[in-house]
Amino acid sequence: MYQSYNYYQNNKCSNNNYLNCGYNNNNYFQELIPRLEEYIQDELQDSAYYYALAEFAPTQRAKDLIMEFGMDEAKHAENFQRAYSMITGRYYMPQPLKPIVIEDYEEALKIRVIAETNDYEKYGKEYLMAPNKYLQDLFFNTRTDEAKHAMRIPILFEEEAD
Ligand SMILES: [Fe+2]
Ligand SMILES: [Fe+2]
């Protein structure tokens, strides 16, 4: 097994001193790998989506906010890549992104509120399952960003060009 994997496994107990310290984490890590691949892919797709959506923004403030979301999603992909490489010893090679089609700006914003709240729930579940402080922090912080996105999108509905 990779050195980084062993390091990661062996240190899981020093990072938290409570009940799940003793349980066998092998299944957890094996099952996390495909989920991380999916998350990296989704975060890259979301990032590209926001950069495309920013082109439709009616004001500079709206554009800045949407660009910030796009940068956050790119950062999430990067953070998940780091976790992925610690577990597997390599980086995930992303698939080509799906084409981005935006027909209506306000409709796109509504779709994003649903997507962001779903992500908030998804990473919250990951946080509750995570066996060490590193992964707990990773999922908690990602979850916080997704919540911020969902809570800030309503500002965009109010932003109109003069
Ligand atoms: Fe994200
Ligand atoms: Fe997000």
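Coordinates for the structure precede this section.
Rules behind the numbers
- Residues numbered from 1 in each chain as written.
- Chains lettered and ligands numbered in written order.
- Predicted model: local features only at pLDDT ≥ 70, side-chain atom pairs only at ≥ 80, totals over all residues.
- Helix = DSSP H or I, 4+ residues; strand = E, 2+ residues; numbered from the N terminus.
- Buried ≥ 20, exposed ≤ 12 C-beta atoms within 10 Å, placed from the backbone.
- Contact = placed C-beta atoms within 7 Å.
- Core = buried A, V, L, I, M, F, W, Y, C linked by C-beta atoms within 7 Å.
- Expected span 1.5 Å × (residues − 1).
- Axes fitted to C-alpha atoms, helices over the stretch in contact; angles between N-to-C directions.
- Parallel < 35°, antiparallel > 145°, perpendicular 65-115°, else oblique.
- Left-handed = near helix turned anticlockwise from the far one by under 90°.
- Nonpolar A, V, L, I, M, F, W, Y, C, P; charged D, E, K, R; others polar.

Trainee: Would you mind showing me how to read the overall build of the protein chain here?
Mentor: Across its full length, the protein chain carries six helices and zero strands. Secondary structure elements in the protein chain, listed N-terminal to C-terminal, are α-α-α-α-α-α. For the protein chain, the residues scored as buried account for 22% of the 162 residues in total. Of all intrachain contacts in the protein chain linking residues separated by at least 6 positions in sequence, the fraction that spans at least 24 positions is 72%.

Trainee: Quick question: what am I supposed to make of the nonpolar core here?
Mentor: Generally speaking, nonpolar side chains in soluble globular proteins are found buried as a group. Counting 13 residues, the largest nonpolar core has Leu36, Ile40, Phe80, Ala83, Tyr84, Leu135 and Phe139 as its most contacted members. For this core, the elements supplying multiple residues, two or more each, are α3 (26-54), α4 (60-88) and α6 (133-158). Ignoring anything within four residues of it in the chain, the contact list for Phe139 reads Tyr123, Glu126, Tyr127 and Ala130. In this structure, Tyr49, Leu65, Ile66 and Leu156 belong to the second largest nonpolar core, which totals eight residues.

Trainee: Just checking my understanding: could you explain the environment of Thr142 for this structure?
Mentor: Here Thr142 is to be found in helix α6. C-beta crowding within 10 Å serves as the criterion here: with 25 such atoms nearby, Thr142 is assigned to the buried category. Setting aside its immediate chain neighbours within four residues, Thr142 contacts His76, Asn79 and Tyr123.

Trainee: Where do I start with α6 in this structure?
Mentor: Side chains of residues three or four places apart in an α-helix project in the same direction, reflecting 3.6 residues per turn. The end-to-end C-alpha distance of α6, which contains 26 residues, comes to 39 Å, matching closely the 38 Å that a straight helix rising 1.5 Å per residue would cover. Where α6 is concerned, the buried positions are Leu135, Leu138, Phe139, Thr142, Asp145, Glu146, His149 and Leu156. Of the surrounding secondary structure, the elements contacted by the buried residues of α6 are α4 and α5 (105-129).

Trainee: Can you help me understand the environment of Phe69 in this one?
Mentor: One can find Phe69 in helix α4. Judged by the 25 C-beta atoms lying within 10 Å of it, Phe69 falls in the buried class. As a C-alpha pair, Phe69 and Tyr50 span 19 residues in sequence and 6.6 Å in three-dimensional space.

Trainee: For this particular structure, what's the right way to read the packing of α4 against α6?
Mentor: When two helices pack together, their arrangement is given by the angle between the helix axes and by the axis-to-axis distance. Two elements in contact, α4 and α6, have axes whose closest approach is 11 Å; the angle formed by their N-to-C orientations is 165°. For the element pair α4 / α6, the angle class is roughly antiparallel. The chirality of how α4 crosses α6 is left-handed. Contacts from Ala62, Leu65, Phe69, Asp72, His76, Asn79 and Ala83 in α4 reach Leu135, Leu138, Thr142, Asp145, His149, Arg152, Ile155 and Leu156 in α6. For the contact of α4 with α6, a count of residues per class yields eight nonpolar, four polar and three charged.

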